[in-house]
Amino acid sequence: MESLDAVSSEIIDAIDIADSLDALEAIRIDALGKKGRISLMMRELGGMNAEDRRAAGQTLNRVKDDIATAIDAKQKILAAVVLNERLEAERLDVSLPSRPHTDARLHPLSRTIEEVIAIFAEMGFQVAEGPDIESDYYNFTALNIPPEHPARQEHDTFYLPADAEGGRKVLRTHTSPVQIRTMESQDPPIRIIVPGRTYRSDHDATHSPMFHQCEGLVIGDGIHMGHLKGCLIDFCRAFFGVDDLPVRFRPSYFPFTEPSAEVDIGCTRQNGALKIGAGDDWLEILGSGMVNPRVLENCGYDPEKYQGFAFGMGIERIAMLKYGIPDLRTFYDSDLRWMRHYGFLPFDAPSIHAGLSGGGI
Ligand code: PHE
């Protein structure tokens with residue numbers, strides 16, 4: 001069996017130098033496969049006499065086992081090499097900076113409306129709504145602004161085409177018509193706020209044809225100016241997060257309130273920078289007043305029995321002041337860079353307790 005030894009060492013040498021799993025598999029098939037060299041020699045055993053067959057058989061089986069063992073061992077080595085190569089090639093560099101996030105942002109107007117609602121909700125107000133397309137009656141007449149009243153000119157109203165009866169609907173110029181709608185559909189006590197869209201034909205850095213207001217209305221037995229002042233002082237301090245924010249009530253005029261007051265908050269201006277809080281200057285932030293008895297009567301309320309106060313503020317204006325946004329038109333540009341800068345991460349609840357600690361109305 002000399003030739004068997006030669007074949008065997010040739011195969012073992014080939015296994016030694018095989019440098020890939022494919023090459024190793026080829027060697028295995030060539031030696032141990034169905035038509036492999038060792039397999040063919042096994043077949044030859046059939047033609048031998050019993051004694052020779054036993055001796056040759058033993059030798060062949062040993063050679064076959066040696067080859068199989070050598071292939072197994074080499075297979076493990078080559079598999080480890082392949083695995084290491086893959087690990088090396090596919091290695092994750094955890095120190096690489098992550099890709100930039102594209103999280104959505106909450107628009108500053110949405111955030112501001114949420115903050116306003118949260119503050120008034122703490123004071124027991126409910127949110128009410130009304131239509132954007134409003135009748136002349138609710139937008140003006142019921143609010144004590146009769147057809148020839150000069151206040152109508154100041155509103156720069158958008159009128160819709162006249163309907164069959166000649167009536168012209170308007171895009172509401174303020175959220176005040178919801179005062180009337182609420183008083184018509186509810187009995188006192190009433191404590192509502194009305195955040196919503198409003199429209200005026202006006203466009204510059206501080207005016208947009210569509211903008212947002214938040215109305216407020218409180219009606220009850222014995223509601224007086226002290227309630228109005230306490231409520232709005234608490235709101236201003238909570239919203240701007242300044243506990244000792246000076247709040248000033250300045251006499252004013254609105255047809256639907258009597259007396260009426262414009263509300264200013266304290267501020268300082270230094271080198272163009274505005275700081276809200278105690279200072280030598282004032283910023284107007286909302287309109288307010290005691291509900292005019294004529295308005296109560298228009299809603300079927302007896303002014304001897306019920307009194308109340310109302311207020312209205314521009315959402316864009318208070319958002320610009322709180323968050324330092326210089327141009328109102330940018331609110332509607334849908335510029336993602338602007339949103340990334342001024343927007344808010346969702347689920348970051350508004351903090352509303354700053355100014356409510358001093359006690360409610
Ligand atoms: N509706 C008024 C405006 O748009 C604001 C306001 C509301 C004033 C309620 C007083 C009371 O300017």
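Everything below is about the structure printed above this text.
The sections below set out a description of the structure shown in this document. (Residues numbered from 1 in each chain as written. Predicted model: local features only at pLDDT ≥ 70, side-chain atom pairs only at ≥ 80, totals over all residues. Heavy atoms only, no water.)

Section: the overall build of the protein chain
Move 1: Assigned secondary structure in the protein chain consists of 12 helices and 10 strands.
Move 2: Computed over C-alpha atoms, the radius of gyration of the protein chain comes to 43 Å, more than 25% over the 21 Å expected from 2.2 N^0.38 for 361 residues, which places it beyond the range of a compact globule.
Move 3: In terms of its C-alpha atoms, the protein chain occupies a principal-axis envelope of roughly 130 × 55 × 40 Å.
Move 4: Long-range pairs, those at least 24 residues apart, make up 66% of the contacts in the protein chain with a sequence separation of at least 6.
Move 5: Accessible surface computed for the protein chain: about 20,400 Å², of which carbon and sulfur atoms make up 52%. (Helix = DSSP H or I, 4+ residues; strand = E, 2+ residues; numbered from the N terminus. Rg over C-alpha atoms; globule rule 2.2 N^0.38 Å. Contact = heavy atoms within 4.5 Å. Areas by Shrake-Rupley, 256 points an atom, 1.4 Å probe, with all protein chains shown as cover.)

Observations concerning the side chain of H212
Move 1: On the secondary structure map, H212 appears in strand 5 (residues 210–220).
Move 2: A polar side-chain atom of H212 sits 2.8 Å from a polar atom in the side chain of E316. (Polar contact = N/O pair within 3.5 Å; in protein donor to acceptor, adjacent residues only side chain to side chain.)

Describing unusual backbone geometry
Move 1: Cis geometry marks the peptide bond from P188 to P189, where omega comes out at 0°.
Move 2: Residue position: P189 is located in the loop between helix 8 (177–185) and strand 4 (190–199).
Move 3: With an omega of -5°, the peptide bond running from E258 to P259 counts as cis.
Move 4: By secondary structure assignment, the location of P259 is in strand 7 (residues 257–270).
Move 5: A positive phi angle is found at N144, which is not glycine, with a value near 65°.
Move 6: Structurally, N144 is set in the loop between helix 6 (136–139) and helix 7 (151–154).
Move 7: Overall, N144 belongs to the buried group, its relative accessible area being 14%.
Move 8: With phi around 55°, S334 is a residue other than glycine that occupies positive phi space. (Buried < 20%, exposed > 50% of the residue type's maximum accessible area, 1.4 Å probe, protein only.)

Structural notes on the packing of helix 2 (residues 21–32) against helix 3 (residues 37–44)
Move 1: Remark: helix 2 packs on helix 3, axes separated minimally by 3 Å, with the N-to-C direction vectors making an angle of 10°. Comparing their axes, helix 3 and helix 2 come out roughly parallel. Judged by residue contacts, D30, A31 and L32 of helix 2 engage R37, I38 and S39 from helix 3.
Move 2: Residue classes in the contact of helix 2 with helix 3 are distributed as 3 nonpolar, 1 polar and 2 charged. (Axes fitted to C-alpha atoms, helices over the stretch in contact; angles between N-to-C directions. Parallel < 35°, antiparallel > 145°, perpendicular 65-115°, else oblique. Nonpolar A, V, L, I, M, F, W, Y, C, P; charged D, E, K, R; others polar.)

Things to note about the packing of aromatic side chains
Aromatic ring pairs are described here by two measures, namely the spacing of the ring centres and the angle between the planes.
Move 1: For the coordinates displayed, the defined rule picks out 14 aromatic pairs.
Move 2: With a centroid separation of 5.7 Å and 20° between ring planes, the pair formed by F235 and F239 is classed as stacked. Highlighted residues: F235 and F239, both in helix 9 (residues 225–240), separated by 4 residues, approximately one helical turn.
Move 3: Exposure remark for F239: the relative accessible area of 0% places this residue in the buried category.
Move 4: Plain terms: the ring middles of F331 and Y332 are 6.2 Å apart, the flat faces sit at 55° to each other, and that makes the pair tilted. (Phe/Tyr/Trp six-rings, centres within 6.5 Å; stacked < 30°, edge-to-face > 60°.)

Some words on the state of the cysteines
Disulfide: a covalent bond formed between the sulfur atoms of two cysteine residues.
Move 1: Inspection of every chain in the model, using the stated rule, returns 0 disulfides.
Move 2: The thiol of C231 is not disulfide-bonded; the next cysteine sulfur, from C236, is found 9.4 Å away.
Move 3: Summary of cysteine pairing: C299 is not part of a disulfide, and the nearest cysteine sulfur, belonging to C214, is at 19 Å.
Move 4: Among the residues examined, C299 registers a relative accessible area of 10% and is labelled buried. (Disulfide = S-S within 2.5 Å.)

Looking at helix 4 (residues 50–89)
Move 1: The terminal C-alpha atoms of helix 4, which comprises 40 residues, lie 57 Å apart, in line with the 58 Å expected from a rise of 1.5 Å per residue.
Move 2: Along helix 4, the positions that sit buried rather than exposed are A56, G57, T59, L60, V63, I67, I71, K74 and L78. (Expected span 1.5 Å × (residues − 1).)

A short note on the pairing of strand 7
Move 1: For strand 7, a buried count of 10 out of 14 residues is recorded, marking the element as mostly surrounded by other parts of the structure.
Move 2: Of the strand pairs in this sheet, strand 6 (residues 247–254) and strand 7 are connected by 7 bridges, and their pairing is antiparallel. Following the sheet pairing, F249 is matched in strand 7 by V263.
Move 3: Connecting strand 6 to the antiparallel partner strand 7 that follows it, the hairpin turn spans 2 residues.
Move 4: Where strand 7 meets strand 9 (residues 281–291), 9 bridges bridge the pair, whose relative direction is antiparallel. When the sheet's bridge partners are listed, A261 is paired in strand 9 with S288. (Pairing = 2+ DSSP bridges.)

Here we look at the pairing of strand 5
Move 1: Within strand 5, 10 of the 11 residues are buried, which leaves the element mostly enclosed by the surrounding structure.
Move 2: Of the strand pairs in this sheet, strand 5 and strand 10 (residues 307–314) are connected by 8 bridges, and their pairing is antiparallel. Bridging from a neighbouring strand, G220 pairs with Q307 of strand 10.

Looking at the site of the ligand
Move 1: Close contacts around the ligand come from 14 residues, with H174, S176, R200, Q213 and E215 the closest.
Move 2: Within the side chain of H174, a nitrogen or oxygen atom sits 3.0 Å from a nitrogen atom of the ligand.
Move 3: Within the contact set of the ligand, an oxygen atom lies 3.0 Å away from a side-chain nitrogen or oxygen of Q213.
Move 4: Compared with its free state, where it exposes 330 Å², the ligand has 90% of that area covered by protein.
Move 5: At the level of elements, strand 5, strand 9 and strand 10 are the ones that each hand at least two residues to the shell around the ligand.
Move 6: Among the elements that take part in the shell around the ligand, strand 10 stands out by supplying 3 residues, more than any other.
Move 7: The class makeup of the residues in the shell around the ligand is 4 nonpolar, 8 polar and 2 charged. (Near = heavy atom within 4 Å.)

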